[in-house]
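Here's the letter readout for the chains.
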Amino acid sequence: MTVNKEEIREKVIEALKQVYDPEIPINVWDLGLIYEINVTDDGVVNIKMTLTAPGCPLANIIAYRVYLAAQNIEGVKDVNVDVVFDPPWDPTKMTPEGRRKFKELMGYDIVEAYESGRGR
């Protein structure tokens, strides 16, 4: 049975907006930690994600929360979460909403700070 892959993908994105990095009160989608979401014809969701830092002590917890969020969606048969560090995360991967939330919380635009620090 073929599933509606785009509908499942959109539901996964909405679910991921409820998963937060415990150290940064912004969800994993808006932080730009999710690199890919692919849904197979039979409802298997493959998620490629990263973390803000390779040595993150909460890596397994965040990846498991991503897994659970996707697993609970109707039509999802199974979920595979692959944590990668290539390419490495940087603030430019944040969504406009994530960038806005960061600025509200921290008082500065992280993308501007990142880009000016790199001499752009």
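Residues numbered from 1 in each chain as written. Predicted model: local features only at pLDDT ≥ 70, side-chain atom pairs only at ≥ 80, totals over all residues. Heavy atoms only, no water.

Draft legend 1. Seen up close, the pattern of salt bridges. In this structure the tally under the stated criterion is eleven salt bridges. One salt bridge in this structure joins Asp30 and Lys101, with 3.9 Å as the shortest N-O distance. One end of the pair, Asp30, is in helix H2 (residues 28–31); the other, Lys101, is in helix H4 (residues 96–106), with 71 residues separating them in the sequence. By relative accessible area, Asp30 is classed as buried at 5%. Take Lys101: its relative accessible area is 23%, and that puts it in the partly exposed class. Within this structure, Asp30, Glu97, Arg100, Lys101 and Glu104 form a network of salt bridges that share partners. (Salt bridge = Lys/Arg side-chain N within 4 Å of Asp/Glu carboxyl O. Helix = DSSP H or I, 4+ residues; strand = E, 2+ residues; numbered from the N terminus. Buried < 20%, exposed > 50% of the residue type's maximum accessible area, 1.4 Å probe, protein only.)

Draft legend 2. Summary view of the sheet that holds strand E4 (residues 44–49). Spatial ordering of the open sheet is given by E3-E4-E5, a layout of three strands whose pairing is mixed. In this open sheet, the two strands that pair with only one neighbour each are strand E3 (34–39) and strand E5 (78–83). In this sheet, neighbouring strand axes are inclined to one another by 15 degrees on average, regardless of whether the strands run parallel or antiparallel. Pairing analysis gives six bridges linking E4 to E5, with the strands arranged parallel. When the sheet's bridge partners are listed, Asn46 is paired in E5 with Asn80. Of the strands in this sheet, E3 and E4 touch helix H1 (residues 5–16), which is tilted by about 145 degrees from E3. Across the sheet, helix H3 (residues 59–71) lies against E4 and E5, angled at about 155 degrees from E5, the strand it touches most. (Pairing = 2+ DSSP bridges. Axes fitted to C-alpha atoms, helices over the stretch in contact; angles between N-to-C directions. Contact = heavy atoms within 4.5 Å.)

Draft legend 3. A look at the packing of aromatic side chains. This structure, assessed with the given rule, holds two aromatic pairs. Taking the centre distance of 6.0 Å and the plane angle of 15 degrees together, the rings of Tyr64 and Tyr67 count as stacked. In this pair, Tyr64 and Tyr67 both sit in helix H3, three residues apart, roughly one turn of the helix. Geometrically, the ring pair formed by Phe102 and Tyr108 is edge-to-face, given 5.4 Å between the ring centres and 85 degrees between the ring planes. Note on Phe102: relative accessible area 8%, which makes it buried. (Phe/Tyr/Trp six-rings, centres within 6.5 Å; stacked < 30°, edge-to-face > 60°.)

Draft legend 4. Representation of H1 in the model. In this model, H1 (twelve residues) spans 16 Å end to end at C-alpha, consistent with the 16 Å of a helix rising 1.5 Å per residue. Of the residues making up H1, those classed as buried are Ile8, Val12, Ile13, Ala15 and Leu16. Considered in projection along H1, the buried side chains sweep an arc of 160 degrees and stay on one side of the axis. Along its buried surface, H1 packs onto strand E2 (24–27), H2, E3, E4 and H3. The N-cap of H1, judged by a side-chain oxygen 3.3 Å from the amide nitrogen of Glu6 a few residues on, is Asn4. (Expected span 1.5 Å × (residues − 1). Arc of directions from axis to C-beta. Polar contact = N/O pair within 3.5 Å; in protein donor to acceptor, adjacent residues only side chain to side chain.)

Draft legend 5. Structural context of the pairing of E4. As defined by bridge partners, E3 adjoins E4 across five bridges and the pair is classed as antiparallel. Bridge pairing links Glu36 to Lys48 in E4. Turn length for the E3-E4 hairpin, with the two strands adjacent in sequence and antiparallel, is four residues, and the turn residue Gly43 shows positive phi of about 90 degrees. Chirality of the crossover, the property in question, places the unit of E4, H3 and E5 among those that are right-handed. (Right-handed = clockwise from strand over helix to strand, strands pointing away.)

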